[in-house]
Amino acid sequence: MLGPMSAPQREHWSRGLGFTLAAVGSAVGLGNMWRFSYMTAEHGGAAFVLLYVLMTLLLGLPVMLAELTVGRGAGKSPILALGHYGGRKWRPLGGLFVLTGFAILSYYSVIAGWTLRYTVSGVLGGFPEPSNAEALFGQIASGWDAVAWHLGFMVICTFVVARGVRAGIERASLLLMPVLGLMLLGLAVFAAVLPGSGAGYGYYFTGDLRGALDFDVVTDAAAQAFFSLSLGMGAILTYASYLSRQSDLPLEGARIALSDFGVALLAGLVVFPLIFALGLQHDVGESTLGALFITLPTAFNKLGAAGAIIGVIFMLALSVAALTSAISLLEVVTASLVDVWNWRRAPAAWLCGGAIALVGVPSALNLEVLDAMDSVGGQFLLVLGGALLAVFVGWVMKNPAAEAAGMHPRPALGAWVWLLRIVVPVILAVLAFYPGGLASQSFGKLWKLFTG
Ligand code: PFF
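Each chain carries its own residue numbering, running from 1 in the direction its sequence is written. Reporting of local features is limited, given that this is a predicted model, to residues whose pLDDT is at least 70; pairs of side-chain atoms are given and counted only at 80 or more, and all residues count toward the totals for whole chains, interfaces and linings. Excluded from the side-chain calculations are hydrogens and water; all other atoms, namely the structure's heavy atoms, are used.

**Student:** Requested: an account of the site of the ligand, with residues and values cited.
**Tutor:** One heavy atom within 4 Å of a molecule or strand makes the whole residue count as near it. Around the ligand, 15 residues are found, and the nearest of them are Ala27, Gly31, Tyr108, Phe227 and Met233. What qualifies as a polar contact is a pair of N or O atoms within 3.5 Å, subject to a donor-acceptor requirement within protein and to the restriction that residues adjacent in sequence count only when both atoms come from side chains. Separating an oxygen atom of the ligand from a backbone N or O atom of glycine 31 is a distance of 2.7 Å. The method behind every accessible area is Shrake-Rupley, applied with a 1.4 Å probe, and residues are considered shielded solely by the protein chains displayed. Expressed as a share of its isolated accessible area of 340 Å², the protein-covered part of the ligand is 100%. Among the secondary structure elements, those contributing two or more residues to the shell around the ligand are helix 1 (18-27), helix 2 (30-42), helix 10 (215-228) and helix 15 (304-341). When its residues are assigned to classes, the shell around the ligand shows seven nonpolar, eight polar and no charged. Secondary structure is summarised from DSSP: a helix means a run of H or I of at least four residues, a strand means a run of E of at least two, and numbering begins at the N terminus for each. Charged residues are taken to be Asp, Glu, Lys and Arg, nonpolar residues to be Ala, Val, Leu, Ile, Met, Phe, Trp, Tyr, Cys and Pro, and polar residues to be all remaining types, Gly included.

Quick look at the structure:
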């Protein structure tokens, strides 16, 4: 057997900011800096931002607290944690979480590979001429180059997870998160002083609010809230399983959500002023998965020498943000092997990392596969997982309010349970299964892939 039976004592975060920074590191990622900006552009600016905030408050925060509660209470990764409170028949939901993490990381790492590649080529030779930008993206985004960078990124990510909760995940977060914050602040200040950036803010903060009434926009906003907060697949649950009894869960949840939104907002304050100042807004109007990866490098090129430095910082920030999120995705899968089958951490991490890297190869070779994986894993499965977890905590767990409170009683927790029982599952079920909702969108994409 590769994984000798040994069940060492469960690790815990060290006191202080260990958990908070790791959880914020999980939440803040490509979702904030790339997906949030492209979805905002796709859905016409401010209306989307507003809906996103609403979805975060109404659906995201309650599910966040549900994950924190189950994870800390059980002290186990998803499969055993759900079994702990609900008996064996609930374990498959934990299995679904692991599968979702597997699926998301397999393509997430491909995009992270692009950001690494842009960083390195930015350092070596600057950013592409506008006329070349699209061709360069094509080269970087799919093909054996993309496979190589994807594998490289998976090696870095696996290395951190293999080292363990404190020596790996916590240390990486303590180092990387402040660096990321500083880089983003610097970029936002740079974008603000560019002549013509005002139009970008105008686009970002005003707009036709009727756009927010569209069913598709609501669905995308909800799915984006789950993706961005790392909810619906047990990442926050797993991180919370290393928390001590004293932690204040509602406070932690609010901190994570606020920081996550703050970074998404800040990333928009970099992207939109930059794009408008350089007159490139029409290029992202018809926004697709890759638009930002074409438009932004063009902007960096147009800005000359300063642009090369700014571009490298931006791409590096994206890589760092992606790394701390990818670590949490891999941790869900790895911790399950460690908890359920008593594997040692290092071999478990390398086996899971290797398997995920392999499954990601088709996404690195074909953008349509990547898009379908994002739709199924990054949207539909997260929303489904969030709905099922809400039902679990609301209806199956005994006295969730007391479990969530721990040593910090709060009267509002009664209302939280009712949100989980009714409001959250009903809204999420409609968004997932309504005709034209997430299920039909994502399976439509899969179907198209297989039938050509
Ligand atoms: N929250 C990450 C982001 O915004 O990029 C992505 C993510 C990480 C989703 C972990 C889900 C997850 F469990």
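**Student:** Can you explain the pattern of salt bridges? Please cite residues and give values.
**Tutor:** The working definition used for a salt bridge is a side-chain nitrogen of Lys or Arg within 4 Å of a carboxyl oxygen of Asp or Glu. Inspection of the entire model under this criterion finds seven salt bridges. Note that aspartate 339 is salt-bridged to arginine 10, the shortest N-O span being 3.0 Å. Of this pair, aspartate 339 sits in helix 15 while arginine 10 is found in the segment before helix 1, placing the two residues 329 residues apart along the sequence. Glutamate 331 serves as the salt-bridge partner of arginine 345, at 2.9 Å between the closest nitrogen and oxygen.

**Student:** Tell me what's going on with helix 10, and back it up with residues and numbers.
**Tutor:** What sets the pattern is the α-helix's 3.6 residues per turn: residues three or four places apart point alike. By this rule, a helix spans an expected 1.5 Å times one less than how many residues it contains. Taking 1.5 Å per residue as the helical rise, helix 10 with its 14 residues ought to reach 20 Å, and the 20 Å between its terminal C-alpha atoms agrees with that figure. A 1.4 Å probe rolled over the protein chains alone gives each residue an accessible area, and that area as a share of the maximum for its type sets the label: buried under 20%, exposed over 50%, partly exposed in between. When you tally the buried positions in helix 10, you get twelve out of 14 residues, the bulk of the element. Those residues of helix 10 lying buried are Val217, Val218, Thr219, Asp220, Ala221, Ala222, Ala223, Gln224, Ala225, Phe226, Phe227 and Ser228. Where helix 10 begins, the side chain of aspartate 214 points an oxygen toward the backbone nitrogen of aspartate 216, at a separation of 3.0 Å. With its phi angle positive at about 60°, serine 230 sits one or two positions after the end of helix 10.

**Student:** Go over the packing of aromatic side chains, please, and point to the residues and values.
**Tutor:** We call Phe, Tyr and Trp rings a pair once their centres come within 6.5 Å, taking the six-membered ring for Trp, and we label the pair stacked below 30 degrees between planes, edge-to-face above 60, and tilted otherwise. One pass over the full model with this rule turns up 23 aromatic pairs. Here tryptophan 13 and phenylalanine 19 contribute two aromatic rings whose centre-to-centre distance is 6.1 Å and whose plane-to-plane angle is 65°, an arrangement assigned as edge-to-face. Neither residue differs from the other here; tryptophan 13 and phenylalanine 19 are each classed as buried. Aromatic side chains phenylalanine 36 and phenylalanine 48 sit 6.4 Å apart centroid to centroid with 50° between the ring planes, which places their arrangement in the tilted category.

**Student:** Can you tell me about the packing of helix 3 (residues 46-74) against helix 12 (residues 249-277), naming the residues and giving the values?
**Tutor:** Remark: helix 3 packs on helix 12, axes separated minimally by 9 Å, with the N-to-C direction vectors making an angle of 145°. Read as a crossing pair, helix 3 and helix 12 show a hand that is right-handed. On helix 12, the residues touching Val49, Tyr52, Val53, Leu61, Met64, Leu65, Leu68, Thr69 and Arg72 of helix 3 are Leu249, Pro250, Gly253, Ala254, Ile256, Ala257, Asp260, Phe261 and Leu265. In terms of residue class, the contact of helix 3 with helix 12 is made up of 14 nonpolar, two polar and two charged. Angles here are taken between N-to-C directions and fall from 0 to 180 degrees, while the axes themselves are lines fitted to C-alpha atoms, restricted in helices to the stretch in contact. Crossing handedness: left-handed means the near helix sits turned counterclockwise from the far one by under a right angle, and right-handed means the same turn made clockwise. Should any heavy atoms of two residues lie within 4.5 Å, those residues are counted as being in contact.

**Student:** Describe the side chain of serine 247, with residues and values.
**Tutor:** Position of serine 247 relative to the elements: it lies in the loop between helix 11 (235-240) and helix 12. Owing to a relative accessible area of 10%, serine 247 belongs among the buried residues under this scheme. In terms of polar contacts, serine 247 uses its side chain to reach the backbone carbonyl oxygen of serine 244, at 2.7 Å. Other than its neighbours up to four places away in sequence, serine 247 contacts Arg72 and His408.

**Student:** Could you give an account of the confidence of the model for the protein chain, naming the residues involved and the relevant values?
**Tutor:** Scored between 0 and 100, pLDDT is the confidence that the predictor attaches to each residue. When pLDDT is averaged along the protein chain, the result is 92; 97% of the residues meet or exceed 70. Taken together, the stretch residues 1-6 has pLDDT below 50 and engages in nine contacts with residues farther than four places along the chain or on a different chain.

**Student:** Can you explain helix 4 (residues 78-86)? Please cite residues and give values.
**Tutor:** Extensive coverage of helix 4 is indicated by the burial of eight of its nine residues. Along helix 4, the residues that are buried comprise Pro78, Ile79, Leu80, Ala81, Leu82, Gly83, Tyr85 and Gly86. On the buried face of helix 4, the contacting elements are helix 3, helix 5 (91-125), helix 11, helix 15, helix 17 (367-396) and helix 18 (400-405). Backbone geometry just downstream of helix 4 places glycine 87 in the positive-phi region, at approximately 85°.

**Student:** Which residues make up the packing of helix 3 against helix 10, and what are the values?
**Tutor:** Two numbers describe how helix 3 lies on helix 10: the axes approach to 8 Å, and their chain directions differ by 55°. One finds that helix 3 runs oblique with respect to helix 10. Note on packing geometry: the crossing formed by helix 3 with helix 10 is right-handed. Residues Phe48, Leu51, Tyr52, Met55, Thr56, Leu59 and Val63 of helix 3 touch helix 10, and the partners they reach there are Val217, Val218, Asp220, Ala221, Ala222, Gln224, Ala225, Phe226 and Ser228. Classifying every residue of the contact of helix 3 with helix 10 by side-chain character gives twelve nonpolar, three polar and one charged. When an angle is under 35 degrees it counts as roughly parallel; over 145 it counts as roughly antiparallel; between 65 and 115 it counts as roughly perpendicular; any other value is oblique.

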